[in-house]
Amino acid sequence: MAIKFIDLFCGIGGIRIGMERNGFECVMSSDINTECQKTYDENFHEMPQGDIREIKACSVPDHDILCAGFPCQPFSISGKQKGFEDTRGTLFFEICRILEEKKPPVVFLENVKHLIYHDKGKTLKTIINKLEDLGYLVGCKVLNGADFGVPQNRERIIIIASCSKKFDFEKVKTLPRGRLMEFLDCEGEFEYLNPEEYTLIENPKRQPGSGLMFAGYRNKSIRKVGVRPGTEHLSRVHKQPNRIYSVYGIHPTLPSQETSGRYFILTEDNRVRKLTLRECWRIMGFPDDYKKISASGEQYKQLGNSVCVPMIEAVAKEIYHQFFGGCEQ
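Residues numbered from 1 in each chain as written. Predicted model: local features only at pLDDT ≥ 70, side-chain atom pairs only at ≥ 80, totals over all residues. Heavy atoms only, no water.

A. Spotlight on the overall build of the protein chain. Along its length, the protein chain carries eight helices and eleven strands. Every one of the 329 residues in the protein chain was classed for burial, and the buried ones make up 53%. Sequence separation of at least 24 residues holds for 66% of the intrachain contacts in the protein chain that already meet a minimum separation of 6. Here the protein chain displays about 15800 Å² of accessible surface, and carbon together with sulfur accounts for 48% of that area. (Helix = DSSP H or I, 4+ residues; strand = E, 2+ residues; numbered from the N terminus. Buried < 20%, exposed > 50% of the residue type's maximum accessible area, 1.4 Å probe, protein only. Contact = heavy atoms within 4.5 Å. Areas by Shrake-Rupley, 256 points an atom, 1.4 Å probe, with all protein chains shown as cover.)

B. Just the nonpolar core, in detail. Counting residues in hydrophobic clusters, the biggest one holds 52 residues, and the most contacted among them are Met19, Ile65, Phe108, Ile160, Val315 and Ile319. Mapped onto this core, the elements with two or more residues apiece are α1 (14-20), α2 (34-44), β3 (65-68), β4 (106-112), β6 (155-162), α6 (277-282), α7 (296-304) and α8 (309-323). Among the elements that take part in this core, α8 stands out by supplying eight residues, more than any other. Not counting chain neighbours up to four residues away, the residues in contact with valine 315 comprise Phe108, Leu143, Ile158, Ile160, Phe167 and Val172. Counting residues in each nonpolar core, the second largest holds 29 residues, with Leu8, Ile52, Val107 and Leu124 among its members. (Core = buried A, V, L, I, M, F, W, Y, C linked by side-chain atoms within 4.5 Å.)

C. Unusual backbone geometry, seen in detail. The phi dihedral of phenylalanine 9 is positive, around 50 degrees, even though this residue is not glycine. In this structure, phenylalanine 9 sits in the loop between β1 (4-8) and α1. Positioned with a positive phi, asparagine 270 is a non-glycine residue whose angle comes to about 65 degrees. Checked against the element boundaries, asparagine 270 lands in the loop between β10 (264-266) and β11 (272-274).

D. Representation of the packing of aromatic side chains in the model. Evaluation of the coordinates by the stated rule reveals 13 aromatic pairs. Here the aromatic rings of phenylalanine 24 and tyrosine 320 are separated by 6.2 Å at their centres, their planes lie at 70 degrees, and the arrangement is edge-to-face. In this pair, phenylalanine 24 sits in the loop between α1 and β2 (25-30) while tyrosine 320 sits in helix α8, placing the two residues 296 residues apart along the sequence. For the ring pair phenylalanine 190 and tyrosine 192, a centre distance of 6.3 Å and an interplane angle of 90 degrees mean the geometry is edge-to-face. Feature note: the residues Phe24, Tyr320 and Phe324 constitute an aromatic cluster, connected by ring pairs. A cation sits over an aromatic face here: arginine 243 above phenylalanine 214, 4.2 Å from the ring centre. (Phe/Tyr/Trp six-rings, centres within 6.5 Å; stacked < 30°, edge-to-face > 60°. Lys NZ or Arg CZ within 6 Å of the ring centre and 35° of its normal.)

E. Structural view of the sheet that holds strand β5 (residues 137-144). If you trace the six strands from one edge of the open sheet to the other, you get β2-β1-β3-β4-β6-β5, paired in mixed fashion. Of all the strands in the sheet, just β2 and β5 have a single pairing partner and so form its edges. The average angle at which neighbouring strand axes cross in this sheet is 20 degrees, direction not considered. Taken together, the five bridges between β1 and β2 define a ladder with parallel strand orientation. (Pairing = 2+ DSSP bridges. Axes fitted to C-alpha atoms, helices over the stretch in contact; angles between N-to-C directions.)

Printed below as a string of structure tokens:
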């Protein structure tokens, strides 16, 4: 009998891909974003239901695993960090509403790393306490997409709750870290910068821990009012869209706010160009045959809000092994 899951705040289906690769069957999906709904339908032949607040818990199909990449903006360091004061933050309690009604044996939640620090840890504690009040044993850990075969420093907190036992994160199998150069197209219509448009640093070093190799910055015009003399270049360096990274390292997190795709890389032949949209999809772990139907700006937003598919796949594999009698491989 198939092990069933529901895909809440499903976005473009990154969690679904990872779950289905482990044999799980999706019986319901939901997302309020119409562009995401269209992309999801194009790839999975299923139009997600809309606003979760309008879905009656009793109408949700029975399932074994509730999956939810619930909205991260209220907790993200890139956002305003209002947490549960933000209406999107309260959507976690919509998850709880469904859990109370359906009582699935396993819950699989994903969010930004900053959730662990938000409101001095009180927000995460509230989430864990609520799940425990519902009868679940809860475990959580920050995982990095870079440890699962994609060349992107993308740290996310994974929360696994179960009615039977705590999830053992130590059993989740990681992979050696790769380099961005291994994920790039060899040919295509690349957008190169002219040499006068950027400044490179000498001997860029691979940063321990993150694996990033900062290689230089674009020579963009900068705000000079209120900037101390001699520090003007720091404005260029510290603004993420101006930074250039070597393909011999990995790439920083792709954010949802960067809808112009200003991700610049220093190639093997010492030239600077933008990552292509196709390459961005690839370093998120989406297969090349995944169908992209939205405008480019919307695609960048979708990617920034999505998940590293191989990381989800690895966690889903252990969910199967630890909770549903899967044999060790």
